[in-house]
Amino acid sequence: MNDISKGEQAEQLFKEGYNCSQSLALAFCEEIGIEKSKLLRMVSSFGGGMGRMREVCGAVSGMFFVAGALYGYDDPKDMQAKKEHYARIQELAARFRAETGSIVCRELLGLEGKDRNPAPSERTQEYYKKRPCPKMIRLAAEIMETYIQEQKEDVFKA
């Protein structure tokens with residue numbers, strides 16, 4: 001899978017049955033250095049807009065997870081690092097929102113109100129035809145991949 005883009009990888013993983021957040025994070029598993037099964041468990045709650053409550057898009061949450069694993073802070077007193085990381089997350093959200101109009105699952109799906117039914121939808125051909133999820137997952141992974149590349153380029157410029 002390494003010779004295809006992260007967007008293609010993430011979309012393919014979603015079509016294999018992983019949830020939106022898992023698909024995004026798993027595409028970056030090697031970069032973040034977390035064992036696959038542990039990573040999948042760590043992000044499993046974010047699918048369907050946080051446990052299928054249709055809040056923040058799971059692909060966006062997965063993107064934020066990857067950003068935290070790669071660039072996050074670990075000193076609670078380091079206010080500069082915290083500020084820089086929150087700015088990073090806001091920038092990633094803005095990039096996604098610029099392409100989609102929202103980072104909220106129910107808005108992206110065109111659903112009114114919250115969907116509290118915990119049962120995941122069966123993945124059928126009809127499901128994939130009516131859902132923008134594969135496209136959203138691909139987009140979030142492409143944004144993250146581009147961001148990582150930009151960070152590498154910035155290091156070389158400095």
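Residues numbered from 1 in each chain as written. Predicted model: local features only at pLDDT ≥ 70, side-chain atom pairs only at ≥ 80, totals over all residues. Heavy atoms only, no water.

Engineer: Help me understand the nonpolar core, please; the structure alone is not making it clear to me.
Structural biologist: Residues F28, M63, L92, F96 and M144 are the most contacted members of the largest nonpolar core, which totals 41 residues. Ranked by residues supplied to this core, first place goes to helix α9 (residues 133-157) with 10 residues. Leaving out residues up to four positions away in the same chain, L92 has contacts with M63, F64, A67, I143, M144 and Y147. (Core = buried A, V, L, I, M, F, W, Y, C linked by side-chain atoms within 4.5 Å. Buried < 20%, exposed > 50% of the residue type's maximum accessible area, 1.4 Å probe, protein only. Helix = DSSP H or I, 4+ residues; strand = E, 2+ residues; numbered from the N terminus. Contact = heavy atoms within 4.5 Å.)

Engineer: Would you take a moment to explain the packing of helix α5 (residues 58-71) against helix α6 (residues 79-100) for this structure?
Structural biologist: The packing of two helices is summarised by the inter-axis angle and the distance between the axes. The N-to-C vectors of α5 and α6 enclose an angle of 150°; their axes lie 10 Å apart at closest approach. Like other packed secondary-structure pairs, α5 and α6 cross with a definite hand, here right-handed. In contact with V60, M63, F64, A67, G68 and Y71 of α5, α6 contributes H85, R88, I89, L92, A93 and F96. When the residues that make up the contact of α5 with α6 are grouped by side-chain class, the tally is 9 nonpolar, 2 polar and 1 charged. (Axes fitted to C-alpha atoms, helices over the stretch in contact; angles between N-to-C directions. Left-handed = near helix turned anticlockwise from the far one by under 90°. Nonpolar A, V, L, I, M, F, W, Y, C, P; charged D, E, K, R; others polar.)

Engineer: What is the right way to look at the pattern of salt bridges in this model?
Structural biologist: Any two side chains of opposite charge can pair, given that their charged atoms come close. Inspection of every chain in the model, using the stated rule, returns 6 salt bridges. Notably, a salt bridge pairs E11 with R138, separated by 2.5 Å at the nearest N-O pair. Highlighted residues: E11 in helix α1 (residues 6-15) and R138 in helix α9, separated in sequence by 127 residues. Residue class for R138 comes out partly exposed when judged on its relative accessible area of 28%. (Salt bridge = Lys/Arg side-chain N within 4 Å of Asp/Glu carboxyl O.)

Engineer: Please explain the state of the cysteines as it appears in this structure.
Structural biologist: Each disulfide consists of a covalent bond between the sulfur atoms of two cysteine residues. This model, assessed by the stated rule, comprises 0 disulfides. A disulfide-free cysteine, C20 has its sulfur positioned 5.7 Å from the sulfur of C57, the nearest such atom. Residue C105 stays outside any disulfide, its sulfur separated by 6.2 Å from that of C57, the closest cysteine. (Disulfide = S-S within 2.5 Å.)

Engineer: So what exactly am I meant to see when it comes to the packing of aromatic side chains here?
Structural biologist: Pairs of aromatic rings are described using the distance from one ring centre to the other and the angle between the two planes. Taken as a whole and assessed by the stated rule, the structure comprises 3 aromatic pairs. Relative to Y147, the ring of Y71 lies with its centre 5.7 Å away and its plane at 80°, an arrangement referred to as edge-to-face. Separated by 76 residues along the polypeptide, Y71 in helix α5 and Y147 in helix α9 bring together distant segments of the chain. Accessibility expressed as a relative area gives 23% for Y71, which makes it partly exposed. On the basis of relative accessibility, which here comes to 4%, the residue Y147 falls in the buried class. The side chain of K6 reaches across the aromatic face of F28, ending 5.4 Å from its centre. Over the ring of F14 we find R123; its NZ or CZ atom is 3.9 Å from the centre of that ring. (Phe/Tyr/Trp six-rings, centres within 6.5 Å; stacked < 30°, edge-to-face > 60°. Lys NZ or Arg CZ within 6 Å of the ring centre and 35° of its normal.)

Engineer: Explain helix α4 (residues 36-43) to me, please; I cannot follow it from the model alone.
Structural biologist: The α-helix winds at 3.6 residues per turn, so residues separated by three or four positions along the chain end up facing the same way. Among all positions of α4, only L39, L40 and V43 are buried. Projected down its long axis, α4 carries its buried residues within an arc of 100°, all on one side. Next to the buried residues of α4 lie α2 (20-27), α3 (29-32) and α5. (Arc of directions from axis to C-beta.)

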